[in-house]
Amino acid sequence: MDVPIDDLLESVGSFLDREVPFDAVEAWDQDHRTPYDFLPRLANLGLFGIPFPAHYGGYDAPWTVVSHVQEQLAHRWYALGSILSRVVAFGGMSLTEYGSEAQRETHLPDLISGKRFFTLALSEPDAGSDVGAVRTRARRSDRGWVVTGRKTWISDAQGASHLVTVVRTDAHSSGTKGLSVLLIPSDAQGVSMSVIPKVGNNSMPSFDIGFDDVEVPEDALMGTEGHGMSHLSSTLHYSRASVASTTVGAAQRAVDVARQHSLERIQFGRALATNQVIRHRLVDMQIKVDLARLTARHLAHLISTGADSRRWSAIGKTVGTETLQFVTDHGMQILASAGYTVESPMQRIWRDARLFSFGEGSNEIQRELIARHMGIGAPL
Ligand SMILES: Cc1cc2nc3c(=O)[nH]c(=O)nc-3n(C[C@H](O)[C@H](O)[C@H](O)COP(=O)(O)OP(=O)(O)OC[C@H]3O[C@@H](n4cnc5c(N)ncnc54)[C@H](O)[C@@H]3O)c2cc1C
């Protein structure tokens, strides 16, 4: 990308001020508005092509640029940071890391130009943290694969063009062996979806998905048959790096809102911020966000330089998500009743935050992954 990062962030900032004003976001959240109609406009800013080769329409820029942009988008509206992740991490990086050249040629240009996005279909009613319990089955047919089973809690599934679907291709396998990844069009015959009502992340709808003898061609296979667990780990590596940056953006917004309120709200004849206990609470919140930002940036730097960063994506995801919960919990205390109205951004970010420490691989599982890197791991 030839544009210097400061100029890019300035363009994104102007776009957000013009098209995503702070005061619109609460109404959108209440209306369960999704950010899908922003895709072409975000693509026009060049955001979806940042880490991908120019050959596909990308900019060959380092992951650090993705990290900065994701933080900035999520500071305004978490849903925008998360849609960038669907395009870049679940879509582009999955194709780049283990897709075939034909799959890259078919899908990367459309992902980069904002025409489509992918989502990950991994979780099942009996397979949450335990990926090895996946039962959705893909069996071979004359024409390719026939998929039967059920996925649950799949985000943005109806808006996505394709589901990066973890299936069991070896009927005789157990655990994480015998899994594979299929790229299934979300509108394929035999795919049915129903919305799961939930408490937060209103702009990212969740779906229960049925696969009823869904036929896909042989070349729907992503990567190598039976290597699904290793391909999944690769996708989750980038999506966790995205969570590390988006949670920093949302957490900074929560601190900004609490700081402003502490200056404006008068009790006992003086602003809340004049009480040392409130000031120190705000300082502790900002320190945590600054440290989480450093962690996310370090992780992004490692990814950009091609260094081994698996341990850091687990750390970044854990630190970011726990920071977001810390600052929104304290933010709700500082705003008190003013934060409890649905018009307040604090309640939205606080509700949304609850997901991230167990979604995308719970923080207990992240700690287990880090324990392995420390040489004290145990089988899950
Ligand atoms: C809003 C939302 C969006 C989601 N989006 C998607 C999506 O797009 N795609 C997708 O595939 N999935 C999605 N999920 C599913 C999400 O990834 C799972 O919720 C997550 O993996 C945890 O699984 P679980 O909820 O079944 O919890 P469980 O696996 O039942 O775990 C329950 C608790 O036990 C802990 N635990 C489990 N096993 C261990 C262990 N061995 N050691 C220590 N602690 C353990 C967990 O950390 C957790 O705290 C979404 C979920 C939600 C709520």
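Quantities reported herein were computed from a predicted structural model and do not represent experimental measurements.

Criteria and thresholds
- Residues numbered from 1 in each chain as written.
- Predicted model: local features only at pLDDT ≥ 70, side-chain atom pairs only at ≥ 80, totals over all residues.
- Heavy atoms only, no water.
- 1 Å grid on protein atoms, 1.4 Å probe; cavity = no way out; pocket = protein on both sides within 12 Å on 5 of 7 lines; lining within 4 Å.
- Points joined across faces, edges and corners; volume = space filled by probe spheres on them.
- Helix = DSSP H or I, 4+ residues; strand = E, 2+ residues; numbered from the N terminus.
- Nonpolar A, V, L, I, M, F, W, Y, C, P; charged D, E, K, R; others polar.
- Domains from an automatic or database assignment.
- Contact = heavy atoms within 4.5 Å.
- Buried area = accessible area lost by both parts, 1.4 Å probe.
- Salt bridge = Lys/Arg side-chain N within 4 Å of Asp/Glu carboxyl O.
- Expected span 1.5 Å × (residues − 1).
- Bend = angle between axes of the 7 residues up to and from the residue.
- Buried < 20%, exposed > 50% of the residue type's maximum accessible area, 1.4 Å probe, protein only.

### Some words on empty space enclosed by the protein
For the structure shown, the criterion picks out 2 cavities of 30 Å³ or more. Estimates place the volume of the largest cavity at around 70 Å³. The set of elements that each furnish at least two residues to the lining of the largest cavity consists of α5 (78-98) and α11 (345-356). No other element matches α5, which puts 3 residues into the lining of the largest cavity. Here the lining of the largest cavity is built from residues that sort into 4 nonpolar, 4 polar and 3 charged. Each of two domains, domain 1 (5-116) and domain 2 (120-226), supplies a minimum of three residues to the lining of the largest cavity. One number sums up the size of the second largest cavity: a volume of about 40 Å³. What lines the second largest cavity is A74, H75, R76, Y78, A250, R253, R348, I349 and D352. Of all elements in the fold, only α4 (63-76), α7 (228-264) and α11 reach the threshold of two or more residues within the lining of the second largest cavity. Shared between two domains, the lining of the second largest cavity holds at least three residues of each, these being domain 1 (5-116) and domain 3 (230-373).

### Quick word on the domain arrangement of the chain
Partitioning the chain into domains gives domain 1 (5-116), domain 2 (120-226) and domain 3 (230-373). Computed from C-alpha atoms alone, the centre-to-centre distance between domain 2 and domain 3 is 30 Å. Counting from both sides, the interface comprises 14 residues of domain 2 and, opposite them, 9 residues of domain 3. Regarding the contact of domain 2 and domain 3, the summed buried area is about 830 Å², with carbon and sulfur atoms giving 63% of it. Contact with domain 3 buries area across many residues of domain 2, yet L120, S129 and N201 alone supply 43% of it, more than any other trio. Counting across the domain 2 and domain 3 interface gives 0 salt bridges.

### Observations regarding α5
Between its first and last C-alpha atoms α5 spans 28 Å; for 21 residues at 1.5 Å apiece the expected length is 30 Å, and the two agree. S85 marks the point of greatest bend in α5, at about 30°. The buried fraction of α5 amounts to 19 of the 21 residues, a majority that puts the element mostly inside the structure.

### Notes on the pattern of salt bridges
For the coordinates displayed, the defined rule picks out 21 salt bridges. If you follow the salt bridges from partner to partner, you end up with R18, E19, R33, D37 and R41 in one network.

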